[in-house]
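# Coordinate inspection notes
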Amino acid sequence: ARGRARASFGMSNFGSKGAMLVTDIAQSAKGTIPPYNDELARAVVDEAQEHHRSILRLIGDIQKTGASLDEAKPDDAASILVHHQAVLRNKRALLVYLNERMRRVRALRWEVGTGLPEVVAENLSHSERSFFTQYAALVNKYQGRRGGVGLNLTLDPAPPRDHKVQVRVLEEYGEVVTRDGAVDLRKNTVHLLWRDDAQPLIAEGVLEKLDDN
Amino acid sequence: RVSRDTPRASPMDEEEDLASQLGPRTSQVPDTDVSRLKRAYVNEKCAPEILPFEHDLMRRVTESVDAQESTVAASRAAAGSGASSATDDLTAHVYHAELNRIRFLMRAYYRARLRKIETHAVHCLKEPDVLERLSDLEQRYASDYANIVEEHFSSVLGQMPEGYESMVQQIIEEDGAFDMVPEPDADAHVFCRVREDRGDVMLDPDDPENTMDLERDDILMIRYRLIKKLLEDEAVDLM
C-alpha cells in the first residue's frame, strides 16, 4: 500500500509547486505582468486534487473498519490533517499568484486606460483579460457623468502645477478637438494645451511634456 | 509623543492664564470647504480603514466647481477675441489654477476610497457599519467589484476539490467563519495632530490609568484604534 501511494503522487515535497508559483510572480519586475503560468497553476490544482483523493481514501479506510471518524487512530487523523493542510496551502499559493497579478492588471486601467496594449494582453490568461474589461467598465461607470461622480479619476495622479502644458508630439496623431478648438498633432510639433486634454495623451505616449526652462 | 514643554514661573504664565480663561483653544484655520476637502483627503489617505463619506461636502464642492467653471467660461466668451486685458488673463489664470487644485483634491479623495474598497470589498459588504460609510455609488462599486473578482478567481478555484472552492472560506463548513476575508488593520500606527485642547484623555480602555493631556498642535504617533473616536469627533487630524 505504501509503494502504491508513492507512485500515485509522483512528487515528494508538498507545497513545492505552490512555492514555485508564488516565486514566479514575486520575482517578476514590479511594473510588469509576466506570462500567465497556466501549466504550473494547473499542476498546483492537480496536486490539491491528489491530496483530496488521499483524504477520501483515508476516510474510506477508517470507515471500512467500522469505526467513526472521531474514533480514528491519531496516526490516521494526522495523515488526513496533513493532506487537508496541503490543499489549503496550495489554495493560498494560487490566490497569492492570482491576486498579485490582478492587482497589476487593475493598475493598467489607471496608468494606461481602457485600451489594453497587445504586448500586455498576450501575457494575460483569458479570465484576466475578461477581468480587465469588466474592471475598466466598472471604473468608467463610477467616473461617468450619469450614474457616477462625473470626474475623470485617472487624471492628476500628482498635484497639478500649471493649467496649461507645453508638449511635443512624438507620434503622428492627427487632429484633436480641445476647448480652444481643433489642434493638428503633427509629429515633432510643439503645442500649448490644457492639462486635461494633454494628460491622457501623455500617458499614452503620444505627447511628451516639455519642462518650462 | 512629541509636544511643547511649558516652563513654569514666567511672565508668559499671566498671558496663558488669561487665554485659558477664554476657553479651550480650537483650530484657528478658517474652515472653508476647500480646507475641509483637503483635511478629508489627507485623513482618508492616512487612515487604515475607510472613513464616513463626506456627502454634503462633496456635493457643495462639486456645485462650487461647476459654478466657477461656468463663470470663467462665460467671461472668456464675453471677452471675445483679443479684447481681454492682462488683468483678465491673470484672473482667469488664477481661477483655473484654483479649479485644478480643487479638482485634484476631489479626484484624490475618490481614488483613496476606491483603493480601500477594492482591498476590503467583501469586508465592506458584510459589515453593516462599514457599508453605511460608503456612498451609494461606492456601495454599488464594492458589490460589482466583489462579483468580478469572484468570477475571475472561480476560473481557477472552481477546479479545486469539493469544499475548497470558496474565496471567502478556506473550507466550506456549516456555520464556518469567513476566514479568508481581509480586514483593515485598526492597530496600524498613524501620526496625528491634535486640533483642540482636550485636557486629560483616557485613550486605551485596556490601560485606563494612563491618560494623556492633549493640547492643540500636539503630535502623536499612536495606534489608529485608540484615536478613532477623536478623529470622528474632529478633535484630531491624521498626517
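Shown above is the structure to which this text applies.
Presented here is an overview of the structure given in this document.

Conventions and cut-offs
Residues numbered from 1 in each chain as written. Chains lettered and ligands numbered in written order. Predicted model: local features only at pLDDT ≥ 70, side-chain atom pairs only at ≥ 80, totals over all residues. Heavy atoms only, no water. Helix = DSSP H or I, 4+ residues; strand = E, 2+ residues; numbered from the N terminus. Buried < 20%, exposed > 50% of the residue type's maximum accessible area, 1.4 Å probe, protein only. Contact = heavy atoms within 4.5 Å. Areas by Shrake-Rupley, 256 points an atom, 1.4 Å probe, with all protein chains shown as cover. Axes fitted to C-alpha atoms, helices over the stretch in contact; angles between N-to-C directions. Parallel < 35°, antiparallel > 145°, perpendicular 65-115°, else oblique. Nonpolar A, V, L, I, M, F, W, Y, C, P; charged D, E, K, R; others polar. Pairing = 2+ DSSP bridges. Left-handed = near helix turned anticlockwise from the far one by under 90°. Buried area = accessible area lost by both parts, 1.4 Å probe. Salt bridge = Lys/Arg side-chain N within 4 Å of Asp/Glu carboxyl O. Polar contact = N/O pair within 3.5 Å; in protein donor to acceptor, adjacent residues only side chain to side chain. Phe/Tyr/Trp six-rings, centres within 6.5 Å; stacked < 30°, edge-to-face > 60°. Expected span 1.5 Å × (residues − 1).

## Details of the overall build of chain B
Each helix and strand counted, chain B has 8 helices and 5 strands in total. Counting helices and strands in the order they occur from the N terminus, chain B gives α-α-α-α-α-α-α-β-β-β-β-α-β. By the burial criterion, 37% of the 239 residues in chain B qualify as buried. Sequence-distant contacts in chain B: of pairs separated by 6 or more residues, those separated by 24 or more amount to 64%. By element, 51% of the accessible surface of chain B is carried by carbon and sulfur atoms, the whole surface being about 13,800 Å².

## Focus on the packing of helix α6 (residues 126–143) of chain A against helix α7 (residues 136–157) of chain B
Closest axis-to-axis distance for the α6 of chain A/α7 of chain B pair is 10 Å, and the angle between their directions is 175 degrees. Here α6 of chain A lies roughly antiparallel to α7 of chain B, going by the angle between them. Contacts between α6 of chain A and α7 of chain B involve S127, E128, S130, F131, Q134, Y135, L138, V139, K141 and Y142 of chain A on the former and, on the latter, L137, E138, R140, Y141, D144, Y145, I148, V149, E151, H152 and S155 of chain B. Split into classes, the residues belonging to the contact of α6 of chain A with α7 of chain B amount to 10 nonpolar, 5 polar and 6 charged.

## Concerning the sheet that holds strand β1 (residues 164–169) of chain A
Residue and element names in this part refer to chain A. If you walk across this open sheet you meet the 3 strands as β4-β1-β5, and the pairing is antiparallel. Because the sheet does not close on itself, it has two edges, and the strands there are β4 (190–194) and β5 (207–209). Shown here is a sheet whose adjacent strand axes are inclined to one another by a mean of 45 degrees, direction ignored. Pairing of β1 with β5 involves 3 bridges; the strand directions are antiparallel. Of the residues in β5, the one forming a bridge with V167 is K209. Its contacts with the sheet put helix α7 (residues 195–204) on β1, β4 and β5, and the angle it makes with β4 is roughly 120 degrees.

## Quick notes on the packing of helix α3 (residues 38–64) of chain A against helix α4 (residues 74–111) of chain A
Residue and element names in this part refer to chain A. Running from N to C, α3 and α4 point in directions that differ by 160 degrees, and their axes come no closer than 9 Å. Taken together, the axis directions place α3 and α4 in an arrangement best described as roughly antiparallel. When you trace α3 past α4, the crossing you get is left-handed. Together, A41, V44, V45, E47, A48, H51, H52, S54, I55, L58, I59 and I62 of α3 and D76, S79, I80, H83, H84, A86, V87, N90 and L94 of α4 make up the contact between the two elements. Classifying every residue of the contact of α3 with α4 gives 12 nonpolar, 7 polar and 2 charged.

## A few points about the interface of chain B and chain A
With 40 residues of chain B in contact, the opposing surface of chain A contributes 48 residues. Per-residue buried area on chain B facing chain A is highest for R107, H152 and Y164 of chain B; these three make up 17% of the total on that side. Connecting chain B to chain A are 3 salt bridges. The salt bridge partner of R107 of chain B is D156 of chain A, with a shortest N-O separation of 3.1 Å. For the pair chain B and chain A, the number of links is 19 residue pairs in polar contact (both at pLDDT 80 or more). Elements supplying a minimum of two residues to the side of chain B that touches chain A: α4 (86–119) and α7 of chain B.

## Concerning unusual backbone geometry
All names here are of chain B. Although it is not a glycine, D175 sits at a positive phi angle of roughly 60 degrees. The topology assignment puts D175 in the loop between α7 and β1 (189–194). In the Ramachandran plot, D217 falls in the positive-phi region, its phi being about 80 degrees despite a non-glycine side chain. Tracing the sequence through the fold places D217 in the loop between β3 (211–214) and β4 (219–223).

## A word on the pairing of β1 of chain A
Residue and element names in this part refer to chain A. Burial along β1 is one-sided: V165, V167 and V169 are buried, while K164, Q166 and R168, pointing the other way, are not. Relative to β4, β1 runs antiparallel, the two sharing 5 bridges. Bridge assignment links Q166 to a residue of β4, and that residue is L192.

## Observations regarding the packing of aromatic side chains
Any two aromatic rings considered together are summarised by their centre-to-centre distance and by the angle between their planes. In the structure shown here, the tally under the stated rule is 10 aromatic pairs over all chains. Aromatic pair F53 of chain B and Y110 of chain B: ring centres 6.4 Å apart, planes at 25 degrees, arrangement stacked. On the criterion of sequence distance, the pair formed by F53 of chain B in the loop between α2 (33–46) and α3 (55–79) and Y110 of chain B in helix α4 is long-range, its members being 57 residues apart. Given a relative accessible area of 5%, Y110 of chain B falls into the buried group. In textbook terms, an aromatic cluster arises when at least three aromatic residues are bridged by ring pairs, as seen for F131, Y135 and Y142 of chain A together with F53, Y109, Y110, Y141 and Y145 of chain B.

## Examining α3 of chain A
In this model, α3 of chain A (27 residues) spans 39 Å end to end at C-alpha, consistent with the 39 Å of a helix rising 1.5 Å per residue. For α3 of chain A, every residue scored as buried is listed here: L40, A41, V44, V45, E47, A48, H51, H52, S54, I55, I59 and I62 of chain A.

## A short note on the pattern of salt bridges
Residues and elements named next belong to chain A. One pass over the full model with this rule turns up 33 salt bridges over all chains. The partner of K64 in a salt bridge is D61, and the shortest N-O contact between them spans 3.4 Å. With K64 and D61 both in helix α3, this residue pair falls 3 residues apart, about one helical turn. Judged by relative accessible area, which is 68%, K64 ranks as exposed. We classify D61 as partly exposed; its relative accessible area is 36%.

## A few points about the pairing of strand β2 (residues 174–178) of chain A
Residues and elements named next belong to chain A. As judged from the 5 bridges shared by β2 and strand β3 (residues 181–185), these two strands associate in the antiparallel manner. Its bridge partner lying in β3, V177 is registered against A182. Taking the residues between adjacent antiparallel strands as the criterion, β2 and β3 are bridged by 2 residues.

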